[in-house]
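Here are the chains, one letter per residue:
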Amino acid sequence: MTESQPTVFVVDDDLSVRRGLERLLRLAGYRVETFTSAREFLARVAPDGPSCLVLDVRMPEQSGFDLHAALAARGRPLPVIFITGHGDIPMAVRAMKAGAVDFLTKPFDVEALFHAVRQALARAP
Amino acid sequence: MTREAAGFREFRTAAAALGVCVGYYVGAHFGFLLRFPPMTPSVMWPPNAILTTALLLAPPRHWWIYLFAALPAHLAAELGAGWPTSLVLILFVTNCSEALFAACGVRWLSDAPRRFDTLRRVVVFIIAAVIVAPFLSSFLDAAAVAAVQREPYWSVWQTRLFSNALTELTIVPALVIAATRGSAWPRPMSLARTVEAACLGALLLIAGIAVFTGSAESGTLSGPMGTPFAVVLPFMLWAAVRFGPGGASSALLTTALLSIWGATHGRGPLGTLPIAEGVLPLQIFLITIAIPLMCLAALIEERRRADDTLGERLRFKQILSNLSASFVNLPGHSMDGAFEIWLRRLGEFLRIDHVLLFEFDGEGKELVVASTWADPEVRHRFEDSGEAPTQGEPWHQLVLFSPPAEPPLEPVRDPGSRAGLDIRSSFTIPLEAGGEALGALWLGKLTAERTWSNELVQRLRLVAGIFASALARRKADNALRTSEGMKSAILASLPSRVAVLDREGRIIAVNESWIRRPSEEATWDARLGVGANYVATCRHLASAAVPLAQVALAGVERVLDGSRASFALEYACGDPVADRWFAMSVVPLNRHQGGAVISHTDVTERKRAEIDAERSRRDLAHFTRRTTIGELAASLAHELNQPLTGILTNAEAAERFLHVTRLDRDELHSIMGDVIQDAKRAGDVIKRLRDFLGKGEPEAMPLDLNALIQGVTKLVSSDAVIRNVTVTLDLDPNLPLVTGDSVQLQQVVLNLMLNAMEAIGEGECAAHRLVVRTDCPDTEKVRVAVEDSGPGLRDDSQEQIFEPFFTTKREGMGMGLSIARSIIEAHGGVIGATNNAGGGAIFHFILPLVGAPAA
């Protein structure tokens, strides 16, 4: 792993989704770090270099929106791609308004994800 | 009858008085024949003895009649003798006084003045009538005769004393015994005894005539009268030993008459002596022989009577034990015959002529004749004269008590005569058992008097006790038959088929419905009738693997051996048109012989209603499940999307992986493993959904409630995530299995959990906590509780939340909890709701471990 490799953080409570995404993104050449919950992510991550966040909306305890809001509050905004198993238009609108790069409904098209990731990394500081 | 009886009694008294009159007159003339002028007293003087006899036989209040009756005879006889009237009158007074002394003395001293059958009675008679009465009366007699006839006082006194003593001694016992035995007629002596008596009489006469009326021979007087009496004495002893005091008395009389006749006619051993000198020793000799002879006879009689009494006592015991044995197990309806037999035996044993058994009628107000016996001879005699007691008689008078009688009543001696009826002797014993007056036993002797000794009364009480308990049992039997008749009428009217089994399982009775049962409703016992063995048939069918017969057999056997208080079974019968349902019930027969009552009742209507209700409930439950699933749609989509996403991303990764030049097989394996895992996960979601929605027949099976709750939790887990609710399971790891239908119980748990989550959403509490607990409140139950952190229940809604169409939700139908309740109740459980002390509500249900199968 080199410093130049952008990092994709994945936060999802579902193990198989995490593992699938990890494999897929790693094959695409990204550095991937996965977290099972918002809390774990907040505790461990201090993003360094280009990075983005693939974030599940519905999770026990803190939702994806909560995490997004918390990051914003810390003044370290990270480009975020929301993924959700049960999405509707109000939720998508809410995500976009909060500054999300994209809002993908599970199961999503892989190319759409890569596109969103590229977009996000482009936005990344 | 009373007036006629009184008339008859007066007639009898008058006849007796006339008899005394005639006897006195004849006796006086006979006495004159034995008189040796110039001596006024006779050698034997029967009139006094006749008068004494009359007074002994008659009650004292009638004595004056006999004394008056004797007066004309006395005057007629003695005035003819040419004596002065004054002497004749004084002699009447002395004769009467002698009879009165004798009768009074005997009556006063003797326990039975008319009997000579014990030593005591004979001794009393000898002292009072033979010694004292002549002794006293002779003073006056001798004084009168000495004054009027100028005869020597002591000579007269002595002649009269001995002659009267001899007469009393020889005549009175014979006459009294003849009179009292005569009234005991018509029971004659046995033929052998009659022959013996005739032989004895003839031999005594022959010997007496030969000895006392033969030609006088002076040489025979060695040892004055030894030889002739040595000839006669054996016969006298024979009479005394074999015929008692009566025989002795008669033999004495015969001997006395013959010897005196001989002596006064110059014949026999004393014929050579002057009359006045010869008679006196003869009298003394006769008296001295007579007294020991009479005593001997009395002793022998007493002994014989004691033996008789003993024998009689034994015979009575025999009778009593036979009587009691023959009644002890006799059914009520066979008692009439037994009563007749035993009244006859009792009558014959007691030598009475009538025995009547009275019983109070149904209302206990009237005495009615239950059974009667009369000596055939007496009955004929009375029937001929129209005097027989019949059932129309005033029996209440006869037994002297009438209901309502308060037992115990004392036996009554001779109630007939007290009631003014002409019954010579009778005896009444009340019959009572258990403090209830049941009737009376009446014993009567219409033809003669008899005594009722205390010993006899004691015995009769025993007899009465047996009759009373027999009557009581017959009464109880009748009551039982009446009530049994009523019961069988009730049984006959029942639509249920009823059969009664004995202890061995044989059918002893069936009702009409059992017999009329339509043949198409064939069950295992349909063709069994009375006499068939139900248990054996069941056993046979059970061995032929008829399932209902096996169950029924077990039940019937348990009830018959007392190990079960009752047994019930519902079963369906194949029918061409539709199933019919029956309820079989077996209850023990409440009697000491044991047994059971089996009934089959057609419960098809109820069963159909139940089945219809159950079907509606099931349909409704299914419908609400579909609604619930609709509510869960979003959550389910999430639940499915997770594995699908996993599959998709992994599959894409694999696809890309294949393009990489260096193939890492291990990684590929890992990817495929994840794909398979996710596909299974998705399949599980679909399967759970299908299971939950399934409309299959409910089936009861052992269920692990913990596993069931975990499954439902999975079903709602996405919903919980969406709603941001934390679900915690607090499950008792040792929870026993319950019996129930999995789909229905899942529905209940799901319903409670969804309700809880909805309530949490409405609540203000930040915790968003849902806890499902399981535990065992006791060894027979398990409890499932669903706690939420919602706003809790409104106090006024706790009662209603389980009612149909009650809802607090805006979009709810209000069916969920009502269905939940019907499911839990069908499982034999209860469901309830309370508020949690720490906030929120707790819904719980409790299921029994040995639960009824889900309907």
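Read on for an overview of the structure. Each chain has its residues counted from 1, running along the sequence as written. To label them, take the chains in the order written and letter them from A, then take the ligands in the order written and number them from 1. Per-residue local features are limited, in this predicted model, to residues with pLDDT of at least 70; the limit for side-chain atom pairs, both in listing and counting, is 80 or more; totals at the level of whole chains, interfaces and linings are taken over all residues. Note that water and hydrogens are dropped before the side-chain values are worked out from all heavy atoms of the structure.

1. Some details on the overall build of chain B
Per the convention used, a helix needs a DSSP run of H or I reaching at least four residues, while a strand needs a run of E reaching at least two, with both numbered from the N terminus. Regarding its fold elements, chain B presents 22 helices and 17 strands. Buried residues are those whose accessible area, probed at 1.4 Å on protein chains only, stays under 20% of the maximum for their type, while exposed residues exceed 50% and partly exposed ones sit between those limits. By the burial criterion, 47% of the 855 residues in chain B qualify as buried. A sequence separation of at least 24 residues applies to 67% of the contacts in chain B between residues at least 6 apart. As displayed, chain B offers around 41100 Å² of accessible surface, 59% of which is attributable to carbon and sulfur atoms. Contact criterion: two residues are considered in contact whenever any of their non-hydrogen atoms come within 4.5 Å of each other. For every accessible area listed, the method is Shrake-Rupley and the probe measures 1.4 Å; residues are considered covered only by the protein chains on display.

2. A few points about the overall build of chain A
A tally of regular secondary structure across chain A gives five helices and five strands. Its helices and strands taken in sequence order, chain A reads β-α-β-α-β-α-β-α-β-α from the N to the C terminus. Across the 125 residues in chain A, those meeting the buried criterion constitute 50%. When contacts within chain A are restricted to residue pairs at least 6 apart in sequence, those whose partners lie at least 24 apart make up 61%. Of the roughly 5600 Å² of accessible surface on chain A, a fraction of 53% belongs to carbon and sulfur atoms.

3. A closer look at the side chain of B:D719
Residues and elements named next belong to chain B. In this fold, D719 is placed in helix α20 (residues 705-723). D719 gets classed as buried once you look at its relative accessible area, which sits at 6%. Here D719 is in contact with L632, S635, L754 and M757, once residues within four sequence places are set aside.

4. With respect to the pairing of strand β6 (residues 497-501) of chain B
All names here are of chain B. With respect to burial, β6 is a largely interior element, five of its five residues being buried. Burial along β6 is two-sided: R497, A499 and L501 and V498 and V500, pointing in opposite directions, are all buried. Here five bridges tie β6 to strand β10 (residues 596-602), and the two strands are oriented antiparallel to one another. Residue pairing across strands places A499 opposite I598, the latter belonging to β10. Strands qualify as paired when DSSP identifies two bridges or more between them. In this structure, β6 lies alongside strand β7 (residues 507-510), joined through three bridges in antiparallel fashion. Its bridge partner being in β7, L501 is matched across the sheet by I507. Hairpin connection from β6 to β7: five residues lie between these consecutive antiparallel strands, with G505 at a positive phi of about 90°.

5. A closer look at the packing of aromatic side chains
All names here are of chain B. Stacked, tilted and edge-to-face pairs are distinguished by plane angle, under 30 degrees for stacked and over 60 for edge-to-face with tilted covering the rest, among Phe, Tyr and Trp rings (Trp via its six-membered ring) whose centres lie within 6.5 Å. Applying the stated rule across the entire model yields 18 aromatic pairs over all chains. Aromatic side chains F135 and F139 sit 5.3 Å apart centroid to centroid with 90° between the ring planes, which places their arrangement in the edge-to-face category. With F135 and F139 both in helix α5 (residues 119-149), this residue pair falls four residues apart, about one helical turn. Centroid distance F139 to W157: 5.4 Å. Interplanar angle 35°. Geometry classified as tilted. One end of the pair, F139, is in helix α5; the other, W157, is in helix α6 (residues 153-184), and 18 residues separate them in sequence. Using a relative accessible area of 12% as the deciding quantity, one classes W157 as buried.

6. Quick look at the sheet that holds strand β5 (residues 102-105) of chain A
Residue and element names in this part refer to chain A. If you trace the five strands from one edge of the open sheet to the other, you get β2-β1-β3-β4-β5, paired in parallel fashion. At either margin of the open sheet sits one strand with a lone partner, and together these are β2 (31-35) and β5. For this sheet the average axis-to-axis angle between neighbouring strands, irrespective of direction, equals 20°. Orientation is described by axes fitted as lines to C-alpha atoms, over the contacting stretch for helices, and by angles from 0 to 180 degrees between their N-to-C directions. Packing of helix α1 (residues 15-27) onto the sheet brings it into contact with β1 (7-11), β2, β3 (51-56) and β4 (80-84), and relative to β2 it is tilted by some 170°. Here helix α5 (residues 110-123) sits on the sheet in contact with β1, β3, β4 and β5, set at roughly 135° to β3.

7. Considering α5(A)
Residues and elements named next belong to chain A. By this rule, a helix spans an expected 1.5 Å times one less than how many residues it contains. Its 14 residues give α5 an end-to-end C-alpha distance of 20 Å, which sits within 8% of 20 Å, the value for a rise of 1.5 Å per residue. Residues V110, L113, F114, A116, V117, A120 and L121 constitute the buried set of α5. When α5 is viewed along its axis, its buried side chains cluster within an angular range of 165° and face the same direction. Projecting away from the buried face of α5 at angles above 90 degrees are the exposed residues A122 and R123. Throughout, the arc means that of the directions going from the helix axis to the C-beta atoms.

8. Points about the environment of B:A102
Residues and elements named next belong to chain B. In this structure, A102 sits in helix α4 (residues 85-109). Considered as a pair, A102 and F125 are 23 residues apart in the sequence and their alpha carbons are 7.9 Å apart. If near-sequence neighbours (up to four positions away) are discounted, A102 is found in contact with T52, A128, A129 and A133.

9. Observations concerning the interface of chain B and chain A
The interface of chain B with chain A comprises 25 residues on the first partner and 24 residues on the second. A quick way to say it: buried area is the sum, across both parts, of accessible area lost when two parts are put together, with a 1.4 Å probe. Across the chain B/chain A interface, buried area totals approximately 2100 Å², and carbon plus sulfur atoms make up 56% of it. Here a salt bridge means any side-chain nitrogen of Lys or Arg lying within 4 Å of a carboxyl oxygen belonging to Asp or Glu. The tally of links from chain B across to chain A stands at five salt bridges. Of the charged contacts in the structure, one is a salt bridge between B:R656 and A:E111, with a shortest N-O distance of 2.7 Å. Under this definition, polar contacts are N or O atom pairs within 3.5 Å; protein pairs additionally need one hydrogen-donor-capable and one acceptor-capable atom, and for neighbouring residues in sequence, both atoms have to be side-chain atoms. Linking chain B to chain A there are eleven residue pairs in polar contact (both at pLDDT 80 or more). Looking at the side of chain B that touches chain A, the elements that each hand over two or more residues are α18 (604-659), α19 (665-693) and α20 of chain B.

10. What to know about the packing of helix α3 (residues 63-79) of chain B against α4(B)
Residues and elements named next belong to chain B. Contact geometry for α3 and α4: axes closest at 10 Å, N-to-C directions at 145°. The way α3 lies across α4 gives a crossing that is right-handed. Together, W63, L67, A70, L71, H74, L75, E78 and L79 of α3 and T85, V88, L89, L91, F92, N95, C96, L100, A103, C104 and R107 of α4 make up the contact between the two elements. Among the residues forming the contact of α3 with α4, the class breakdown is 14 nonpolar, three polar and two charged. Left-handed is the label given to a crossing in which the near helix is rotated counterclockwise from the far helix by less than a right angle, and right-handed is the label when the rotation is clockwise. Charged residues are taken to be Asp, Glu, Lys and Arg, nonpolar residues to be Ala, Val, Leu, Ile, Met, Phe, Trp, Tyr, Cys and Pro, and polar residues to be all remaining types, Gly included.

11. Notes on the packing of α18(B) against α20(B)
A pair of packed helices can be characterised by two numbers: the angle between their axes and the separation between those axes. Residue and element names in this part refer to chain B. With their axes 8 Å apart at the nearest point, α18 and α20 run at an angle of 100° to one another. The angle between α18 and α20 falls in the class roughly perpendicular. Contacts between α18 and α20 pair L632, A634, S635, L636, H638 and E639 from the former with K714, L715, V716, S717, S718, D719 and I722 from the latter. For the contact of α18 with α20, a count of residues per class yields six nonpolar, four polar and three charged. Should an angle fall under 35 degrees it is called roughly parallel, over 145 degrees roughly antiparallel, and 65 to 115 degrees roughly perpendicular, with every other angle called oblique.

12. Things to note about a nonpolar patch on the surface
All names here are of chain B. A cluster of nonpolar side chains, F101, V123, I127, I131, V132, F135 and L136, forms an exposed patch at the surface whose accessible area comes to about 530 Å². Per-element tally for the nonpolar patch: the top contributor is α5, with six residues. Here I127 is to be found in helix α5. The patches reported here contain residues having more than 30% relative accessible area and no salt bridge. Joining distances are 9 Å for like charges and 5 Å for nonpolar side chains (Val, Leu, Ile, Met, Phe, Trp, Tyr).

13. With respect to the side chain of B:T604
With respect to the helices, strands and loops of the structure, B:T604 is situated in helix α18. Leave out the neighbours within four places in its chain, and B:T604 touches B:D579, B:R580 and B:W581.

14. Some thoughts on the pairing of β1(A)
All names here are of chain A. Of all five residues in β1, five are buried; the element is thus mostly enclosed. What you see with β1 is no split at all: T7, F9 and V11 on one side and V8 and V10 on the other are buried throughout. Sheet analysis places β1 next to β2, joined by five bridges and oriented parallel. Considered in β2, the bridge of F9 is made with E33. Seen with its strands pointing away from the viewer, a crossover is right-handed when the path leading from the first strand over the helix to the second is clockwise. Taken together, β1, α1 and β2 constitute a β-α-β crossover, and its handedness is right-handed. In this structure, β1 lies alongside β3, joined through five bridges in parallel fashion. Bridging across to β3, V8 finds its partner in C52.

15. Overview of the sheet that holds strand β15 (residues 781-788) of chain B
Residues and elements named next belong to chain B. Here we have five strands laid out as an open sheet, ordered β12-β14-β15-β17-β16, and mixed in their pairing. Both outer strands of the open sheet, β12 (726-730) and β16 (830-835), are each paired with one neighbouring strand and no more. Taking each pair of neighbouring strands and ignoring which way they run, the sheet shows an average axis angle of 20°. Direction of pairing for β16 relative to strand β17 (residues 841-848): antiparallel, over a ladder of six bridges. Residue pairing in the sheet places A833 in a bridge with F843 of β17.

16. Quick word on the nonpolar core
Residues and elements named next belong to chain B. Nonpolar cores were defined as sets of buried Ala, Val, Leu, Ile, Met, Phe, Trp, Tyr and Cys residues, with membership established by side-chain atoms within 4.5 Å. Counting residues in hydrophobic clusters, the biggest one holds 52 residues, and the most contacted among them are V122, F125, I126, L169, M236, I260 and L286. When residues of this core are traced back to their parent elements, those giving at least two are α2 (46-57), α4, α5, α6, α7 (191-212), α8 (226-264) and α9 (275-328). With 14 residues, the top contributor of residues to this core is α8. Not counting residues up to four positions away in its chain, the partners in contact with M236 are L204, A251, L252, T255, I289 and L293.

So far we have only geometry, and geometry alone does not tell us how the molecule works.
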